[in-house]
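Survey of secondary and tertiary structure
What follows is each chain in one-letter form.
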Amino acid sequence: MAVYADVIVDITNEKLDRTFQYRVPEEMEERIVPGVEVEIPFGRGDRLIRGYVVETTDRPAYDPVKIKSIKQIVPGRVPIESRLIALAAWMRERYGSTMIQALKTVIPIKKEIKAQKKRLIRLNLSADQTQAYLDELNRKHCTARARLVQELIHQPELNYELVTKKLHITPAVIKALEEQGILCIQTEQLYRNPVRPAERQEKRVVLNDQQQAVVDQVTEDWGRGFRRTYLVHGVTGSGKTEVYMEIIARVVADGQQAIVLIPEIALTFQTVLRFYQRFGDRISIMNSRLSAGERYDQFERAKNKEISVMIGPRSALFTPFPNLGVVIIDEEHELTYKSENVPRYHARDVAIHRAETEGAMVVLGSATPSVDSYYKALRGEFGLFRLTDRAKKNALPHVYVEDLREELRSGNRSIFSARLQELLQDRLLKKEQVMLFLNRRGYAGFVSCRSCGHVMKCPHCDVSLSMHNHGRLVCHYCGYEEPAVKKCPECGSPYIGGFRAGTQQIEELLKKQYPEAGVLRMDADTTRNKDGHEKILAAFANREADILIGTQMIVKGHDFPAVTLVGVIAADLSLYTGDYLSSERTFQLLTQAAGRAGRGDVPGEVVIQTYQPEHYAVVTAAAQNYEEFYQQEILYRTISGYPPAAHLLAVLLSGADQEELSQAADVLIQQVPRDLEGLTVIGPAEPAVARINDIYKKVIYLKHKKYDTLTEVKDHLERFAKEQPLLEKINMQFDFNPMHAG
Ligand code: ADP
Ligand code: ZN
Ligand code: ZN
């Protein structure tokens, strides 16, 4: 049978999907795989040009006699484009998508680039004048101005955008200082480099023994050509970033390059500055504010080895460095490393695969490692290091766990426990700042008893049931349903129902109870406007308010030294999201929230309110004991057959017609091969949000110990769907080891 190859001739074209089909000569069949660079006759004159194979098939796209043949495989070194196309092919197979979707994820699109104008801020004063002015600002408590001037002392030239976006200083403050003649704003035609501070003043720290041990081991492996993945489990502030930089320095000294992944929300000005101070112009950053053109441009610089270190969120993983030496993934447990677009890849797994094929190593770091990574580390798949001490030795906060059932019993019906009220009052008197945190993530429709804490759970899946509009309790994994209850099946109390407390309600309550307090609220409503998010954080940083209320967006990556009290309103909101990750997520959120308290000189306090004070995620987070949490959690995953003990594949189906969708789901589930030993088929069920914009959704879950068995099932379902008219109007997507509730 003849084999054909789809060849792409210009991978930097906007039209990545424009491929040309060629016949594969028999003697090349073995070697023609996605990514291979080939020479082909092109156009009327059949001039020879080069292209890359993106896909092979045995079906000709048009009349076979008109299809030209590949001339030859280009000999020599494998170019980076080839490797990225091969990576895309791997992602397509592993996560399920079309080749085009995978290519577009991996390869940047070339766009016309408008010359960007960037603004830089510089001081107009001498060093002495600046210091005098700074003293005056501090005396007058002009905190925002003082912070900016302080920063300019460190760094005589600052990017305007970085100042407003990352330092949270408003344009009005900058303007005022400009009008006073303190600073000037210069506009500069700036080609390409988003990082452009002026002088570098490098202050090297001396690594402590724990840090040094990591660096020694990793660089020793590196030196003798041994490549693997490492996990650095290091408490917040233990100096992981210093360790990363040391490892990168070694790799760069050997003429190779590094990719540093940091969740966008933690990609702060200060972080970038630290890398800049160490590596200067050899670094570049990537973020979602970069236009497609700028992103493309950054990739070109990487390809040409103008830079050696790329720092950015998930998508920076595809930086086309020709000699990649290391990929660092900071905060490796973060959900944002999992893509929600097809192909739904996990950056950690793709990084490991890319590193393996390109001879690089991977360093993962977190204060609360994902259960997945820790499991692999304990099994010896990853090298494991622990950093147990904070580099700067400031004390961990004191954590109180408040039992909301007790509060109810003692007659307190407020959503604030007695302890939280007392500490709030104290902080307001002392003029210290407070953060109140509602750890709600999207949809949390669980039903619990306010008297005894009992939570309604699925008897088959061991996850919480969710209240649906039609008044029934539903499992989002298996579709199990039962009628809503009026009385608690455990204790008979009538106080059973959905938990409702929004940020807005909390705000109103606070205003009533503490009319003199300044309150800011940060949630989806208040951050809808562009920069809404930044403005609120800026106002809080400038101490324009005493209390900041918010959802998870307030606990990540922001340092507010004046915060000495953090309150978690109801830990239960993330404990019962109806999926297997709810405890892991809760542990991480509580640990992070606790980390927000007392980052300045004053030690902090944390109040965790919950109906389940004995839940292991709450207990272990309060004790800051990761190891204990992990032991409990892995037991649950093993017994219930959830990742990493087994793998889970969600087949997501959606369509405009509810009836057709139901039928399709039923037909599809029949297609799942029954003879695969150990395969569990669950559903079809309705996901947490079963209808969006009149598009209905269904989901089928497949569970197996082996990932590869699930990709086999995926391939089978894909083939079947192509030939089934019933499935034509249905959108089918695959999500391996899904990480988002429902
Ligand atoms: P992490 O990334 O683990 O949260 P960082 O690398 O940001 O920790 O370190 C926290 C703080 O401690 C930073 O201000 C850093 O400069 C400082 N630090 C880290 N290691 C050392 C060290 N060995 N000696 C002195 N200060 C250190
Ligand atoms: Zn009860
Ligand atoms: Zn169930």
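Position labels on residues start from 1 in each chain and follow its written sequence. All chains are assigned letters beginning with A, and all ligands numbers beginning with 1, in the order in which they are written. Where local features are concerned, this predicted model is filtered to residues with pLDDT of at least 70; where side-chain atom pairs are given and counted, the filter is 80 or more; whole-chain, interface and lining totals use all residues. Heavy atoms from the whole structure form the basis of all side-chain values; hydrogens and water molecules are not counted.

1. Some points on the overall build of the chain
- Of regular secondary structure, the chain possesses 22 helices and 31 strands.
- Expected size for 742 residues packed as a compact globule is a radius of gyration near 27 Å; at 28 Å, the chain falls within 12% of this value.
- Each principal axis of the C-alpha distribution contributes one length, and for the chain these read about 85 × 75 × 50 Å.
- Working convention for charge: Lys and Arg count positive, Asp and Glu count negative, and His plus the chain ends are omitted. The atom standing in for a charge is NZ when the residue is Lys, CZ when it is Arg, CG when it is Asp and CD when it is Glu. Put simply, the chain has 97 plus and 97 minus side-chain charges, and the middle of one group is 3 Å from the middle of the other. We count a stretch as a helix when DSSP gives it H or I for four or more residues in a row; a strand needs E for two or more, and each element gets its number in order from the N terminus. Note that the radius of gyration is over C-alpha atoms, with the globule rule given as 2.2 Å times the number of residues to the power 0.38.

2. Structural notes on the sheet that holds strand E24 (residues 547-550)
- With parallel pairing, 6 strands are arranged side by side in an open sheet as E16-E26-E25-E17-E24-E23. Where the open sheet ends on each side, the last strands, each with one partner, are strand E16 (398-403) and strand E23 (519-522). The sheet shows a mean angle of 15 degrees between the axes of neighbouring strands, direction not considered.
- Packing of helix H16 (residues 532-541) onto the sheet brings it into contact with strand E17 (433-437), E23, E24 and strand E25 (563-568), and relative to E23 it is tilted by some 150 degrees. Strand pairing is defined by DSSP finding a minimum of two bridges between the two strands. In this description, a line fitted to the C-alpha atoms serves as the axis of each element, helices being fitted only across the stretch in contact, and the angle between N-to-C directions of two axes falls anywhere from 0 to 180 degrees. In this description, contact between two residues means that some pair of their heavy atoms is separated by no more than 4.5 Å.

3. Overview of the nonpolar core
- Within the largest apolar cluster, 158 residues are counted, with the highest numbers of intra-cluster contacts made by Leu436, Leu510, Ile547, Val651 and Leu702.
- The greatest single-element share of this core, amounting to 8 residues, is contributed by helix H1 (residues 80-96).
- Every residue in contact with Leu702, bar those within four places of it in the chain, is listed here: His647, Leu648, Leu649, Val651, Val672, Leu679, Thr680, Val681, Leu710 and Val713.
- In these notes, a set of buried Ala, Val, Leu, Ile, Met, Phe, Trp, Tyr and Cys residues joined through side-chain atoms within 4.5 Å is what counts as a nonpolar core. Note on classification: 1.4 Å probe, protein chains only; a residue is buried when its accessible area is under 20% of the maximum for its type, exposed when over 50%, partly exposed between these limits. In this structure, Val218, Tyr230, Val251 and Phe385 belong to the second largest nonpolar core, which totals 32 residues.

4. Section: empty space enclosed by the protein
- The distinction between a cavity and a pocket rests on a 1 Å grid over the protein atoms alone: a 1.4 Å probe fits inside a cavity but cannot get out, while a pocket stays open yet meets protein on both sides within 12 Å along at least five of seven lines, and a residue with an atom within 4 Å of a point counts as lining. Grid points are joined across faces, edges and corners, and a volume is the space filled by probe spheres set on the points. The final tally for this structure, using the stated rule, is 4 cavities of 30 Å³ or more.
- Within this model, the second largest cavity holds a volume of roughly 60 Å³.
- Every residue along the wall of the second largest cavity is listed here: Leu404, Glu407, Leu408, Asn412, Ser414, Ile415, Arg450, Phe499, Ile569 and Tyr611.
- Polar here means any residue other than Ala, Val, Leu, Ile, Met, Phe, Trp, Tyr, Cys and Pro, which are nonpolar, and Asp, Glu, Lys and Arg, which are charged; Gly is therefore polar. Residues belonging to the lining of the second largest cavity are distributed by class as follows: 6 nonpolar, 2 polar and 2 charged.

5. Structural notes on the coordination of the zinc ion (ligand 2)
- Atoms are scored as donors when they are N, O or S and lie within 2.8 Å of the metal, with 3.2 Å used for Na, K and Ca; no water is included, so coordination may look incomplete. Only Cys449 (SG), Cys452 (SG), Cys488 (SG) and Cys491 (SG) from the protein coordinate the zinc ion (ligand 2), and they sit 2.3 to 2.4 Å from it.
- Each of the 4 donor atoms around the zinc ion (ligand 2) contributes to a set of angles spanning 107 to 114 degrees, which defines the coordination as tetrahedral.
- Spacing between the donor residues of the zinc ion (ligand 2) along the chain follows C-x2-C-x35-C-x2-C. Here Cys449 is found in strand E18 (residues 447-449), whereas its partner Cys488 is found in the loop between strand E21 (481-483) and strand E22 (496-498), with 39 residues between them in sequence.
- Residue Cys488 is classed as buried on the basis of its relative accessible area of 4%. The rule is simple: four donors are tetrahedral if all their angles sit between 85 and 135 degrees, four are square planar and six octahedral if opposite donors span more than 155 degrees and the others lie between 65 and 115, and anything that fits none of that is irregular.

6. Some thoughts on the packing of aromatic side chains
- Working definition: rings of Phe, Tyr and Trp (its six-membered ring) pair if their centres are within 6.5 Å, and the pair is stacked with planes under 30 degrees apart, edge-to-face with planes over 60 apart, and tilted otherwise. By the definition in use, this model includes 18 aromatic pairs.
- When the ring of Phe446 is compared with that of Tyr576, the centres are 5.4 Å apart and the planes differ by 50 degrees; the resulting orientation is tilted. Pair noted here: Phe446 is in the loop between E17 and E18 and Tyr576 is in the loop between helix H17 (572-575) and helix H18 (582-595), with a separation of 130 residues, a long-range link.
- Residue classification places Phe446 among the buried residues on the basis of a relative accessible area of 1%.
- Note on Tyr576: relative accessible area 5%, which makes it buried.
- Aromatic side chains Tyr626 and Phe629 sit 6.4 Å apart centroid to centroid with 55 degrees between the ring planes, which places their arrangement in the tilted category. Linking Tyr626 with Phe629, this pair stays in helix H20 (residues 626-640), spanning 3 residues, or about one helical turn.
- Relative accessible area serves as the criterion here: at 6%, Tyr626 is assigned to the buried category.
- Take Phe629: its relative accessible area is 1%, and that puts it in the buried class.
- Here the aromatic cluster, defined as three or more aromatic residues joined through ring pairs, consists of Tyr374, Phe587, Tyr616, Tyr626, Phe629 and Tyr630.

7. Here we look at the site of ligand 1
- In the vicinity of ligand 1 there are 16 residues, among which Val206, Gln211, Lys240, Thr241 and Arg274 approach most closely.
- Identification of polar contacts relies on pairs of N or O atoms within 3.5 Å, with a donor-acceptor requirement for protein atoms, meaning one able to donate a hydrogen and the other able to accept it, and with residues adjacent in sequence counted only if both atoms are side-chain atoms. A distance of 2.8 Å is found between a nitrogen atom of ligand 1 and a backbone nitrogen or oxygen belonging to Val206.
- Within the side chain of Glu242, a nitrogen or oxygen atom sits 3.4 Å from an oxygen atom of ligand 1.
- In isolation ligand 1 has 560 Å² of accessible area, and contact with the protein removes 74% of it.
- At 3 residues, helix H8 (residues 240-253) tops the list of elements feeding residues into the shell around ligand 1. Think of it this way: one heavy atom of a residue within 4 Å of a molecule or strand is enough to make that residue near it. The method behind every accessible area is Shrake-Rupley, applied with a 1.4 Å probe, and residues are considered shielded solely by the protein chains displayed.

8. Quick notes on the UniProt feature "domain: Helicase ATP-binding" (unreviewed entry) in the chain
- UniProt positions are given in the numbering used here, feature names are shortened, and annotations may be inferred rather than shown by experiment. In the UniProt entry, the feature "domain: Helicase ATP-binding" (unreviewed entry) is given for residues 221-387.
- Strand forms 22% of residues 221-387 and helix 36%; the C-alpha atoms that close the span are 19 Å apart.

9. Focus on the coordination of the zinc ion (ligand 3)
- Coordination of the zinc ion (ligand 3) by the protein comes from Cys458 (SG), Cys461 (SG), Cys475 (SG) and Cys478 (SG), over a distance range of 2.3 Å.
- Coordination at the zinc ion (ligand 3) comes from 4 donor atoms whose angles at the metal span 107 to 115 degrees, giving a geometry best classed as tetrahedral.
- Along the chain, the residues donating to the zinc ion (ligand 3) fall in the pattern C-x2-C-x13-C-x2-C. Of this pair, Cys461 sits in the loop between E18 and strand E19 (466-467) while Cys478 sits in the loop between strand E20 (472-474) and E21; the two residues are 17 residues apart in sequence, bridging distant segments of the chain.

10. Considering helix H9 (residues 269-279)
- Burial within H9 is extensive, with 9 of its 11 residues counted as buried.
- Buried residues of H9: Phe269, Thr271, Val272, Leu273, Phe275, Tyr276, Gln277, Arg278 and Phe279, and no others.

11. Thoughts on unusual backbone geometry
- Cis peptide bonds are those with omega within 30 degrees of zero, and the linkage from Val342 to Pro343 qualifies with -5 degrees.
- The step from Gly683 to Pro684 runs through a cis peptide bond, and the omega angle for that step is 0 degrees.
- Along the chain, Pro684 falls in strand E28 (residues 680-685).
- Residues other than glycine seldom take positive phi values, yet Lys431 does so here, at roughly 60 degrees.
- With respect to the helices, strands and loops of the structure, Lys431 is situated in the loop between helix H14 (418-430) and E17.
- Even without being glycine, Asn737 reaches a positive phi, approximately 45 degrees.
- When you line up the elements, Asn737 lands in the segment after strand E31 (731-736).

12. As for the pattern of salt bridges
- What makes a salt bridge here is a side-chain nitrogen of Lys or Arg within 4 Å of a carboxyl oxygen of Asp or Glu, nothing more. Going through the model one piece at a time under the given rule, you end up with 39 salt bridges.
- Glu93 serves as the salt-bridge partner of Lys714, at 3.7 Å between the closest nitrogen and oxygen. With Lys714 in helix H22 (residues 707-723) and Glu93 in helix H1, the pair connects residues that are 621 residues apart, well separated along the chain.
- For Glu93, a relative accessible area of 35% puts it in the partly exposed group.

13. Quick word on the sheet that holds strand E2 (residues 20-23)
- Sheet architecture is open: 5 strands sit in the order E2-E1-E4-E3-E5, paired in antiparallel fashion. At either end of the open sheet lies a strand with only one pairing partner, and these are E2 and strand E5 (72-73).
- Pairing of strand E3 (residues 37-42) with strand E4 (residues 47-57), which is carried by 6 bridges, proceeds in the antiparallel orientation. Bridging from a neighbouring strand, Val38 pairs with Gly51 of E4.
- Across the sheet, H1 touches strand E1 (4-8), E3 and E4, and the angle it forms with E4 is around 20 degrees.

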